[in-house]
Amino acid sequence: AANDAVALRTTLMEAGLCKADNIVLLTTKPGSKRPARNTVLEEVESLQNRVKKGDTVFVLFAGHGCQDDNKTY
């Protein structure tokens, strides 16, 4: 999931679709903010304060599932 997020960031920037300072990367990779619950909530709140009418917002959420009582989520 972390490699996919980094690859998407690189693609968006190389294609000129997004500036680096408009991308927030939360991964388990060194040098990145960790995707802990509090960090995710803080970034969503920050995003709400930065977005203006007419802006496009893209959020990638990727991760691993889990099992509970023999059910996969």
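Residues numbered from 1 in each chain as written. Predicted model: local features only at pLDDT ≥ 70, side-chain atom pairs only at ≥ 80, totals over all residues. Heavy atoms only, no water.

Each helix and strand counted, the chain has two helices and two strands in total. Reading the chain from its N terminus to its C terminus gives the helix and strand order α-α-β-β. Whereas a compact globule of 73 residues would reach a radius of gyration of roughly 11 Å, the chain reaches 14 Å, over 25% beyond that. Restricting to contacts in the chain with at least 6 residues of sequence separation, those with at least 24 account for 24%. (Helix = DSSP H or I, 4+ residues; strand = E, 2+ residues; numbered from the N terminus. Rg over C-alpha atoms; globule rule 2.2 N^0.38 Å. Contact = heavy atoms within 4.5 Å.)

Time to look at helix α1 (residues 2-14). Owing to its 3.6 residues per turn, the α-helix aligns residues three or four sequence positions apart on the same side. Given a rise of 1.5 Å per residue, 13 residues ought to cover 18 Å, and the 18 Å separating the end C-alpha atoms of α1 matches this to within 8%. Following α1 by one or two positions, Gly 16 adopts a phi angle in the positive range, close to 75°. (Expected span 1.5 Å × (residues − 1).)

Let us now look at the layout of surface pockets. A volume near 1200 Å³ is recorded for the largest pocket. Along its surface, the largest pocket is lined by 32 residues, and Val 24, Leu 25, Phe 58, Val 59 and Leu 60 are the ones closest to its centre. Of all elements in the fold, only α1 and α2 (37-50) reach the threshold of two or more residues within the lining of the largest pocket. Of the residues that constitute the lining of the largest pocket, the class distribution is 22 nonpolar, six polar and four charged. (1 Å grid on protein atoms, 1.4 Å probe; cavity = no way out; pocket = protein on both sides within 12 Å on 5 of 7 lines; lining within 4 Å. Points joined across faces, edges and corners; volume = space filled by probe spheres on them. Nonpolar A, V, L, I, M, F, W, Y, C, P; charged D, E, K, R; others polar.)

The next point concerns the side chain of Thr 39. The topology assignment puts Thr 39 in helix α2. Sequence-distant contacts of Thr 39, defined by excluding residues within four places in its chain, comprise Leu 26, Lys 33 and Arg 34.

Right, let's talk about a nonpolar patch on the surface for a bit. On the surface, a nonpolar cluster with roughly 240 Å² of combined accessible area is contributed by Val 51, Val 57 and Val 59. Of note, Val 59 is situated in the loop between α2 and β1 (67-68). (Patch = residues over 30% accessible without salt bridge, like charges linked within 9 Å, V, L, I, M, F, W, Y side chains within 5 Å. Areas by Shrake-Rupley, 256 points an atom, 1.4 Å probe, with all protein chains shown as cover. Salt bridge = Lys/Arg side-chain N within 4 Å of Asp/Glu carboxyl O.)

Looking now at the side chain of Ser 32. Locating Ser 32 in the fold gives a position in the loop between α1 and α2. Owing to a relative accessible area of 18%, Ser 32 belongs among the buried residues under this scheme. Engagement of the side chain of Ser 32 in a polar contact is seen with the backbone nitrogen of Thr 27, the distance being 3.0 Å. Sequence-distant contacts of Ser 32, defined by excluding residues within four places in its chain, comprise Leu 25, Leu 26 and Thr 27. (Buried < 20%, exposed > 50% of the residue type's maximum accessible area, 1.4 Å probe, protein only. Polar contact = N/O pair within 3.5 Å; in protein donor to acceptor, adjacent residues only side chain to side chain.)

A few words now on the pattern of salt bridges. Applying the stated criterion across every chain yields a total of one salt bridge. A salt bridge links Glu 43 to Lys 33, with the shortest nitrogen-to-oxygen separation between them at 2.5 Å. Of this pair, Glu 43 sits in helix α2 while Lys 33 sits in the loop between α1 and α2, and the two are 10 residues apart along the sequence. By relative accessible area, Glu 43 is classed as buried at 15%.

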